[in-house]
Amino acid sequence: MIVDAHVFLGSCLFGYGQSLDEILSRMDRLGIDKAVLAPVKPQDYHLGPMNDLVAECVARRPTRFMGLCRVDPWQGRAAVAEVSRGFEELGHCGLYLDPWEENFQANDDIVVPLLEETRRRGRPVVVNAGHVRVSHPTQIWDLARRFPDISFVACNGGQINICGMLLSETRRMLEACPNVCIETAGTYREDFLEEIITEVGEGRVLFASRSPVYDQEFEMARVRLAHLTESQKAQVWSANALSVFDISTGTG
Amino acid sequence: VAERYPNIVLDTSAIPYPRAIKEAVERIGSTRVLYASDGPGCDPRIEVHKVRLAGLTAQDEDAVFHRSIQAILDRVSVGGDGR
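This structure is a prediction, so every number in the text was calculated from the model and none was measured.

### Remarks on the layout of surface pockets
Phase 1: In this structure, the largest pocket encloses a volume near 210 Å³.
Phase 2: Around the largest pocket sit Lys 41, Tyr 45, Leu 47, Gly 48, Arg 70, Val 71, Asp 72, Gln 75, Ala 78, Ala 79, Glu 82 and Glu 102 of chain A, which together line it.
Phase 3: Its residues placed into classes, the lining of the largest pocket shows five nonpolar, two polar and five charged.
Phase 4: Estimated volume of the second largest pocket: approximately 180 Å³.
Phase 5: Contributing to the lining of the second largest pocket are Tyr 16, Trp 100, Glu 101, Asn 128, His 131, Asn 156, Ile 160, Arg 210, Val 213 and Tyr 214 of chain A together with Tyr 17 and Arg 19 of chain B.
Phase 6: Of the residues assigned to the lining of the second largest pocket, the class counts are six nonpolar, three polar and three charged.

### Section: a nonpolar patch on the surface
All names here are of chain B.
Phase 1: A cluster of nonpolar residues, Ile 69, Leu 73 and Val 76, forms a patch on the protein surface that exposes about 250 Å² of accessible area.
Phase 2: Tracing the sequence through the fold places Leu 73 in helix H3 (residues 58-76).
Phase 3: We classify Leu 73 as partly exposed; its relative accessible area is 45%.

### A look at the side chain of Arg 210 of chain A
Residue and element names in this part refer to chain A.
Phase 1: Along the chain, Arg 210 falls in the loop between strand E9 (205-206) and helix H9 (216-224).
Phase 2: There is no salt bridge for the buried Arg 210, and the closest opposite charge comes from Asp 98, which lies 4.7 Å off by N-O distance.
Phase 3: In terms of polar contacts, Arg 210 uses its side chain to reach the side chain of Tyr 96, at 3.4 Å.
Phase 4: Excluding residues that lie within four positions of it along the chain, Arg 210 makes contacts with Asp 4, His 6, Phe 8, Tyr 96, Asn 128, Cys 155, Asn 156, Glu 183 and Ala 185.

### Thoughts on the packing of helix H1 (residues 20-30) of chain A against H9 of chain A
All names here are of chain A.
Phase 1: Between H1 and H9, the shortest axis-to-axis distance is 11 Å and the interhelical angle comes to 35°. With respect to the hand of their crossing, H1 and H9 are arranged in right-handed fashion. Contacts between H1 and H9 pair Arg 26, Met 27, Arg 29 and Leu 30 from the former with Gln 216, Glu 217 and Met 220 from the latter.
Phase 2: The class makeup of the residues in the contact of H1 with H9 is three nonpolar, one polar and three charged.

### Side note on the confidence of the model for chain B
Phase 1: Mean pLDDT over chain B stands at 93; residues scoring 70 or higher make up 94%.
Phase 2: On the interface metric, ipTM, the complex scores 0.83, and its pTM is 0.93.

### Some words on the packing of helix H3 (residues 77-88) of chain A against helix H5 (residues 112-121) of chain A
All names here are of chain A.
Phase 1: For the pair H3 and H5, interaxial distance at closest approach is 9 Å and the crossing angle is 20°. When the interaxial angle is binned, H3 and H5 end up roughly parallel. Of the two possible hands of crossing, H3 and H5 adopt the one that is right-handed. Between H3 and H5, the residues in contact are Ala 79, Val 80, Val 83, Ser 84, Phe 87 and Glu 88 and Pro 113, Leu 114, Glu 117, Thr 118 and Arg 121, respectively.

### As for H3 of chain B
Three or four residues apart is the spacing at which side chains of an α-helix point the same way, because the helix has 3.6 residues per turn.
Residue and element names in this part refer to chain B.
Phase 1: Here H3 contains 19 residues, and its C-alpha end-to-end distance of 26 Å stays within 8% of the 27 Å for a straight helix at 1.5 Å per residue.
Phase 2: Of all bends in H3, the biggest is about 60°, found at Val 64.
Phase 3: Among the residues of H3, those classed as buried are Ala 63, Val 64 and Ser 68.
Phase 4: Each element contacted by the buried residues of H3 is listed here: helix H1 (18-28), strand E2 (33-34) and helix H2 (44-52).

### Let's talk about the pattern of salt bridges
Residues and elements named next belong to chain A.
Phase 1: Here the structure, examined in full by the defined rule, presents 27 salt bridges over all chains.
Phase 2: In this structure, Arg 120 and Glu 117 form a salt bridge, with 3.2 Å as the shortest nitrogen-oxygen distance. Of this pair, Arg 120 and Glu 117 both sit in helix H5, three residues apart, which is roughly one turn of that helix.
Phase 3: Between Glu 219 and Arg 222 there is a salt bridge, with its nearest N and O atoms 2.6 Å apart.

### Side note on the side chain of Thr 170 of chain A
All names here are of chain A.
Phase 1: Structurally, Thr 170 can be placed in helix H7 (residues 165-176).
Phase 2: We classify Thr 170 as buried; its relative accessible area is 0%.
Phase 3: With residues up to four places along the chain from it excluded, the contact list for Thr 170 reads Pro 137, Gly 157, Gly 158, Gln 159, Ile 182 and Phe 192.

### Notes on empty space enclosed by the protein
Any empty space left between atoms is shown by rolling a water-sized probe over those atoms.
Phase 1: According to the stated counting rule, one finds two cavities of 30 Å³ or more in the structure shown.
Phase 2: Forming the boundary of the largest cavity are Thr 184, Glu 190, Leu 193, Glu 194, Ile 197, Val 205, Arg 222, Val 223, Ala 226, Leu 228 and Val 236 of chain A.
Phase 3: Within the residue set of the lining of the largest cavity, elements represented by two or more residues are helix H8 (190-200) and H9 of chain A.
Phase 4: Here the lining of the largest cavity is built from residues that sort into seven nonpolar, one polar and three charged.
Phase 5: Roughly 30 Å³ of volume is contained in the second largest cavity.
Phase 6: Taken together, Thr 187, Tyr 188, Arg 189, Glu 190, Phe 218 and Arg 222 of chain A together with Ala 14, Ile 15, Pro 16, Cys 42 and Glu 47 of chain B make up the full set of residues lining the second largest cavity.
Phase 7: Split into classes, the residues belonging to the lining of the second largest cavity amount to six nonpolar, one polar and four charged.

Reading guide: rules and limits
Residues numbered from 1 in each chain as written. Chains lettered and ligands numbered in written order. Predicted model: local features only at pLDDT ≥ 70, side-chain atom pairs only at ≥ 80, totals over all residues. Heavy atoms only, no water. 1 Å grid on protein atoms, 1.4 Å probe; cavity = no way out; pocket = protein on both sides within 12 Å on 5 of 7 lines; lining within 4 Å. Points joined across faces, edges and corners; volume = space filled by probe spheres on them. Nonpolar A, V, L, I, M, F, W, Y, C, P; charged D, E, K, R; others polar. Patch = residues over 30% accessible without salt bridge, like charges linked within 9 Å, V, L, I, M, F, W, Y side chains within 5 Å. Areas by Shrake-Rupley, 256 points an atom, 1.4 Å probe, with all protein chains shown as cover. Salt bridge = Lys/Arg side-chain N within 4 Å of Asp/Glu carboxyl O. Helix = DSSP H or I, 4+ residues; strand = E, 2+ residues; numbered from the N terminus. Buried < 20%, exposed > 50% of the residue type's maximum accessible area, 1.4 Å probe, protein only. Lys, Arg positive; Asp, Glu negative; His and termini not counted. Polar contact = N/O pair within 3.5 Å; in protein donor to acceptor, adjacent residues only side chain to side chain. Contact = heavy atoms within 4.5 Å. Axes fitted to C-alpha atoms, helices over the stretch in contact; angles between N-to-C directions. Left-handed = near helix turned anticlockwise from the far one by under 90°. pLDDT = per-residue confidence, 0-100. Parallel < 35°, antiparallel > 145°, perpendicular 65-115°, else oblique. Expected span 1.5 Å × (residues − 1). Bend = angle between axes of the 7 residues up to and from the residue.

In structure tokens:
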């Protein structure tokens, strides 16, 4: 089984986007069984209707999709209410925070009420990680230590800077915080992913494409061609995502 | 920058975007885009796969994989034009 732990849905303010039909068609072509949908930031900046759209798509194909609730922490109480609505009414499986596109520091205090609400619901938090100033591994690290009972998923392998300086920072974050995993998408240096899986833990890396920001087919090659055992690859392809997002393995 | 200065050549290594390779070829030409892996950190098999996913014509792919670097090496090699 293959689970893509991070796929964007909708048409984004910043120019990227894709429809459910496009996502489904490519998943079928590439042999991807399930995907976790995250809303893009739309032209009108309103994330609530995007959370609705994700929920509608999940309801249309519940065996193929799960959805994340996306909010802007700067919205304060309204954001907390939206998280609550996302989990209670829309059935979202986790919270998506994008410090880069929503322009906040990942470990800023404005995030705390959102995490308290998420913790209360026992859901994981996916963070767009690796961006300068707002979501360095040390900032995710700080957040994860303040909320040790929340599972965090750091996008972009925790780092997207090909200078490589954040590779060691990400590893230290993972070693210090057992409640943090990383996604494979966009990662610089495949040997870094292999190192984390073999030396830090087989349960710490999730296959994710962040399509259409990254190329889903190319992102699969990272796992397919990795120097890992079949058992380790099975963890990355699906088992880790199924565990983090508490996904049923039902098909049909 | 590469569009403005013809003496700049780009290589394909490490970027996670096959479409960026196609865009580079369209904007500056395949003679100035070189396949490179940044190996061993980046797996050469994946880096080759990335170029093949870029959707280049056979002629451009051929240039990126070897003809463009060959032309540069010929130019700078002893006895070449760059001597």
